[in-house]
Amino acid sequence: MFLPIRTERQPRRTPRVTQAIILLNLLVYLAGVLGEAFGRLEPGAMQEAGQFVMSDFRAWQLFTYQFMHDPHGLGHLAFNMLFLWIFGTSVEDRLGRVGFICFYLLGGAAAGLVHGWIAPRIGIIGASGSIAAVTGAFMVLFPRSHIVIISLFGVFTPPAPWVILFFVAMDLFRASGSFGGGDNVAHAAHLAGYGYGIAIAFTLLATGLLARDDLDLFFLFKQKRRRNQFKTLSRRQVGGAWADRSKDTAEQAAATIGPGRLSARDQRIAELRAEITRRAEAHDLAGATRSYLDLIALDPTSTLSE
């Protein structure tokens with residue numbers, strides 16, 4: 001048993017929209033519970049009126065169903081609101097308040113439509129599809145973030161993508177019937193929500209409609225490209241950053257340049273580079289500095305690895 005409680009990424013401003021969505025869900029839930037308790041509503045009447053059923057299509061129900069929860073199952077509401085708070089605050093911070101509410105409602109609508117396409121006669125209620133969309137967007141916008149998780153074995157902070165992909169995998173297994181089938185949960189709506197959130201967030205970043213920063217997925221792509229470029233450049237140098245230091249010698253230079261083509265100057269450069277490495281690792285910084293000065297005197301364009 002484990003429970004995510006928050007992310008390490010804190011929003012820069014108060015998440016008013018996320019707070020309002022949580023409050024509205026709670027009020028709707030209480031209205032249903034109290035209405036039934038005082039005989040003002042027939043059992044399940046509010047949920048039946050607000051649910052979305054594709055075979056009895058009503059466009060407005062694509063939005064109302066997102067605020068309906070089982071009045072006899074508080075856990076459904078509690079877990080949904082917990083996950084909305086964990087991921088929604090940061091996503092709202094990146095998308096802005098207007099952008100976030102549009103993203104949230106349309107994500108829920110998309111999830112409902114996919115569920116309706118697969119099971120047109122089965123109604124759907126709950127915020128899970130909308131929250132799955134928010135979770136998918138979080139993975140694209142904050143892939144370097146970590147999630148704080150409490151469990152019977154202590155507190156852990158795994159990378160956010162691992163946790164989110166775990167829930168995606170669980171829904172895939174359950175949707176396919178391989179594990180936990182028949183649990184009365186709209187797993188297809190969850191999967192549609194994840195897909196919607198990932199696709200929209202990725203598109204917004206790719207097109208520049210949403211400014212990129214050093215936390216999103218595109219920054220990871222940029223880092224990987226830079227690392228690959230640096231590796232390529234280093235391989236072109238004798239004793240590059242990724243070369244074995246034990247081979248940062250004339251022999252390594254000969255292997256790089258080719259047999260019989262190593263000049264006395266190139267051999268001396270290789271020897272000086274190896275000497276600098278050895279002295280630096282031995283904490284002989286003064287000696288390493290002298291060797292470096294000899295190196296740049298011989299080859300002013302020579303560079304050292306990290």
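Since we're looking at a predicted model, the values are computed, not measured.

(A) Region of the structure containing unusual backbone geometry. Here the phi dihedral of His-283 falls at roughly 65 degrees; this positive angle occurs in a residue that is not glycine. Tracing the backbone shows His-283 in the loop between α11 (264–281) and α12 (285–298).

(B) Spatial organisation of a positive patch on the surface. On the surface, a cluster of positive charge is contributed by Arg-212, Lys-222, Arg-225 and Arg-226. Note that Arg-225 resides in helix α9 (residues 217–235).

(C) Looking closely at the nonpolar core. Grouped together as the largest cluster of nonpolar side chains are 42 residues, with contacts concentrated most on Leu-84, Phe-87, Val-91, Phe-100 and Tyr-104. The set of elements that each furnish at least two residues to this core consists of α1 (16–37), α4 (74–95), α5 (97–118), α6 (128–141), β2 (147–151), α7 (160–175), α8 (187–207) and α9. At 9 residues, the largest contribution of residues to this core is made by α6. Among residues more than four places away in sequence, those in contact with Phe-100 are Val-17, Thr-18, Ile-21, Leu-84, Gly-88, Val-91, Glu-92, Leu-95 and Val-134. Formed by 7 residues, the second largest nonpolar core is a distinct cluster that contains Leu-62, Tyr-65, Ile-124 and Ala-189.

(D) Structural context of a nonpolar patch on the surface. Residues Ile-5, Ile-150 and Val-155 make up a contiguous nonpolar surface patch of about 230 Å² in total accessible area. By the secondary structure assignment, Ile-5 is in strand β1 (residues 2–7).

(E) Main features of the sheet that holds strand β3 (residues 154–156). Within the open sheet, the 3 strands sit side by side as β1-β2-β3. Their pairing is antiparallel. Only two strands of the sheet have a single neighbouring strand rather than two, namely β1 and β3. Strand-to-strand twist in this sheet, taken as the mean axis angle between neighbours without regard to direction, amounts to 25 degrees. With 5 bridges joining them, β1 and β2 adopt antiparallel strand pairing. Within the sheet, the bridge partner assigned to Leu-3 lies in β2 and is Ile-150. Sitting on the sheet, α4 is in contact with β1 and β2, with an inclination near 30 degrees to β1.

(F) Structural view of α12. With 14 residues, α12 ought to run about 20 Å at 1.5 Å a step, and its terminal C-alpha atoms sit 20 Å apart, in line with that. Taken residue by residue, α12 has Gly-287, Ala-288, Ser-291 and Leu-295 as its buried positions. Projected onto a plane normal to the axis of α12, the buried residues spread over an arc of 100 degrees and lie on a single side. Opposite the packed face of α12, turned more than 90 degrees from it, sit the exposed residues Leu-285 and Ala-297. Summarising the contacts, the buried residues of α12 are in contact with α11.

(G) Seen up close, the pairing of β2. Summarising the sheet, β2 and β3 pair through 3 bridges and their orientation is antiparallel. Residue pairing for β3: Ile-150 is matched across the bridge by Val-155. Taking the residues between adjacent antiparallel strands as the criterion, β2 and β3 are bridged by 2 residues.

About the cut-offs
- Residues numbered from 1 in each chain as written.
- Predicted model: local features only at pLDDT ≥ 70, side-chain atom pairs only at ≥ 80, totals over all residues.
- Heavy atoms only, no water.
- Helix = DSSP H or I, 4+ residues; strand = E, 2+ residues; numbered from the N terminus.
- Patch = residues over 30% accessible without salt bridge, like charges linked within 9 Å, V, L, I, M, F, W, Y side chains within 5 Å.
- Areas by Shrake-Rupley, 256 points an atom, 1.4 Å probe, with all protein chains shown as cover.
- Salt bridge = Lys/Arg side-chain N within 4 Å of Asp/Glu carboxyl O.
- Lys, Arg positive; Asp, Glu negative; His and termini not counted.
- Charge placed at Lys NZ, Arg CZ, Asp CG, Glu CD.
- Core = buried A, V, L, I, M, F, W, Y, C linked by side-chain atoms within 4.5 Å.
- Buried < 20%, exposed > 50% of the residue type's maximum accessible area, 1.4 Å probe, protein only.
- Contact = heavy atoms within 4.5 Å.
- Pairing = 2+ DSSP bridges.
- Axes fitted to C-alpha atoms, helices over the stretch in contact; angles between N-to-C directions.
- Expected span 1.5 Å × (residues − 1).
- Arc of directions from axis to C-beta.

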